[in-house]
Amino acid sequence: MRSLMLFFVALLLPISKAWGQHVSYSPFMHYTDRVNEFEKMRAVDSTDVVMLGNSLTEFGGDWSKLLRAYHVRNRGIAGDDANGIYQRLSQILPGKPKAIFLMVGINDIANGLSIDEVASRCERVIAKIRHDSPRTKLYVQSLLPINESFGRWTKLNGKTEWVPQLNARLRAYCKKKGIGYINLFPFFVRHGSHEMRKELTADGLHLTPQGYKEWGFVLKKYIVALS
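Residue indices follow the written sequence of each chain, beginning from 1 at its first position. Local features in a predicted model are, by the rule used here, given only for residues with pLDDT of at least 70; side-chain atom pairs are given and counted only at 80 or more, and totals for whole chains, interfaces and linings are based on all residues. Remark: hydrogens and water are excluded; side-chain values derive from all non-hydrogen atoms of the structure.

**Student:** Honestly, the overall build of the chain in this entry has me stumped. Any pointers?
**Tutor:** Put simply, DSSP marks the helices as runs of H or I at least four residues long and the strands as runs of E at least two long, and each gets a number from the N terminus on. A tally of regular secondary structure across the chain gives 10 helices and 5 strands. By residue count, 50% of the 227 residues in the chain fall in the buried class. Pairs at least 24 apart in sequence give 71% of the contacts found in the chain among residues at least 6 apart. Reported accessibility uses the Shrake-Rupley method at a 1.4 Å probe radius. Residues are deemed covered only where the shown protein chains occlude them. With an accessible surface of roughly 11,700 Å², the chain has 57% of that area assigned to carbon and sulfur atoms. A simple rule labels every residue: compare its accessible area, found with a 1.4 Å probe on the protein chains alone, to the largest value its type can have, and call it buried under 20%, exposed over 50%, or partly exposed in between. Should any heavy atoms of two residues lie within 4.5 Å, those residues are considered in contact.

Structural data, given as structure tokens:
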């Protein structure tokens, strides 16, 4: 019996190495594949700026190139939600990165949660970052608008107005806690509406190259301030 217990302990030891980076959360294979990729990469450290979020962040690709800055790490996972991001903070926060640019919430809305529930889950992520790595400069980015006219994302049907509502909640929370908030929303909406400008989106949710240029343009002044 004792030898059997030691065997299982030995199996667990490699998982606990490297700041406890092993993450097991989502049933989606892509989530698992991405966190496994991150485990194999150089660990995040205090020289890094981390782009943290879902598909919008992941599909930005090489953020160092987009932002013309060094040590910008892409930690986006398509389909990820607030709970998924919370679970994988163990791959990021032990390294005490220089800055984190967080975008979270749109998939939680798509998952049928209420605004209160989504806001609570997002705030939990923010609080965890502030508690575990207080010297990291944290920027919470607003959610981007959506455009339902594409008819692509049925789980977001009727939720165009939810996005600015959640943004208002996040903005108020960040103001109360003294956390940086970046309001991307106005740069992406069609004038006089809360809809994503069609030229900036490929499918009503994800961005075109022009959309990423717009995003990068807004963030550059924050990146410069970190230098």
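**Student:** Just checking my understanding: could you explain the nonpolar core for this structure?
**Tutor:** Soluble globular proteins: nonpolar side chains tend toward being buried together. Of all hydrophobic cores here, the largest spans 38 residues; its most connected members are Leu52, Ile100, Leu102 and Ile129. Among the secondary structure elements, those contributing two or more residues to this core are strand S1 (49–53), helix H5 (82–87), strand S3 (99–102), helix H6 (106–110), helix H7 (115–132), strand S4 (137–141) and helix H8 (162–177). Counting residues per element, this core draws most heavily on H7, at 7 residues. Residues in contact with isoleucine 100, not counting those within four places in the same chain, are Val50, Leu52, Ile92, Leu93, Ile129, Thr136, Lys137, Leu138 and Tyr139. Nonpolar cores are built from buried Ala, Val, Leu, Ile, Met, Phe, Trp, Tyr and Cys residues. Side-chain atoms within 4.5 Å join them into one set. By size, the runner-up hydrophobic cluster in this structure holds 25 residues, among which are Ala69, Ala99, Ile182 and Leu226.

**Student:** What is the right way to read the pattern of salt bridges from this model?
**Tutor:** When the charged atoms of two side chains with opposite charge come close together, those side chains can pair. For this analysis, a salt bridge means a side-chain nitrogen from Lys or Arg found within 4 Å of a carboxyl oxygen belonging to Asp or Glu. Counted under the stated rule, the structure contains 10 salt bridges. With a closest N to O distance of 2.6 Å, arginine 169 and aspartate 116 form a salt bridge. Of this pair, arginine 169 sits in helix H8 while aspartate 116 is found in helix H7, placing the two residues 53 residues apart along the sequence. Under the relative-accessibility criterion, arginine 169 is labelled partly exposed at 32%. For aspartate 132, the salt bridge identified is with lysine 128, shortest N-O distance 2.9 Å. Here aspartate 132 pairs with lysine 128, and both are found in helix H7, just 4 residues apart, close to one helical turn. Residue classification places aspartate 132 among the partly exposed positions, given a relative accessible area of 25%.

**Student:** Would you explain the sheet that holds S3 in this entry?
**Tutor:** As a general point, the strands of a sheet are linked pairwise by backbone hydrogen bonds and lie either parallel or antiparallel. In this scheme, strands are said to pair when DSSP sees at least two bridges between them. Read from one edge of the open sheet, 5 strands run S2-S1-S3-S4-S5, paired in parallel fashion. Both outer strands of the open sheet, strand S2 (72–76) and strand S5 (180–182), are each paired with one neighbouring strand and no more. Adjacent strand axes in the sheet meet at a mean angle of 20° when their direction is disregarded. Direction of pairing for S3 relative to S4: parallel, over a ladder of 4 bridges. Bridging across to S4, leucine 102 finds its partner in valine 140. Throughout, an axis means a line fitted to C-alpha atoms (over the contacting stretch in the case of helices), and angles, computed between N-to-C directions, take values from 0 to 180 degrees.

**Student:** Help me out: how do you make sense of the packing of aromatic side chains in this one?
**Tutor:** The geometry of two aromatic rings is summed up by the distance between their centres and the angle between their planes. Planes of paired rings set the category: under 30 degrees apart is stacked, over 60 is edge-to-face and the rest tilted, where pairs are Phe, Tyr or Trp rings (Trp by its six-membered ring) whose centres lie within 6.5 Å. Taken as a whole and assessed by the stated rule, the structure comprises 5 aromatic pairs. When the centroid spacing of 6.1 Å and the interplanar angle of 75° are considered together, the rings of tryptophan 63 and tyrosine 212 count as edge-to-face. A residue pair is termed long-range when its members are at least 10 positions apart, and tryptophan 63 in helix H4 (residues 63–67) and tyrosine 212 in helix H10 (residues 209–226) qualify at 149 residues. The same class applies to tryptophan 63 as to tyrosine 212, namely buried. Considering the side-chain rings of tryptophan 63 and tryptophan 215, the 4.9 Å spacing of their centres and the 75° angle between planes classify their relative orientation as edge-to-face. In this pair, tryptophan 63 is assigned in helix H4 and tryptophan 215 in helix H10, connecting sequence segments 152 residues apart. Given the relative accessible area of 0%, tryptophan 215 is considered buried. Taken together through their ring pairs, the aromatic side chains of Trp63, Tyr212 and Trp215 make up a single cluster. The side chain of arginine 152 reaches across the aromatic face of tryptophan 153, ending 4.1 Å from its centre. Taking the ring centre of tryptophan 162 as reference, the NZ or CZ of lysine 159 above it sits at 4.9 Å. Charges are assigned to positions over rings by a cutoff of 6 Å between ring centre and Lys NZ or Arg CZ, combined with an angular limit of 35 degrees from the ring normal.

**Student:** Would you mind showing me how to read the environment of isoleucine 77 here?
**Tutor:** Tracing the sequence through the fold places isoleucine 77 in the loop between S2 and H5. For isoleucine 77, a relative accessible area of 0% puts it in the buried group. Sequence separation between isoleucine 77 and threonine 32 is 45 residues; the distance between their C-alpha atoms is 9.6 Å. Excluding residues that lie within four positions of it along the chain, isoleucine 77 makes contacts with His30, Tyr31, Arg34, Val35, Phe38, Gly53, Asn54, Ser55, Glu58 and Arg88.

Everything listed is a geometric property; what it means functionally is a separate question.
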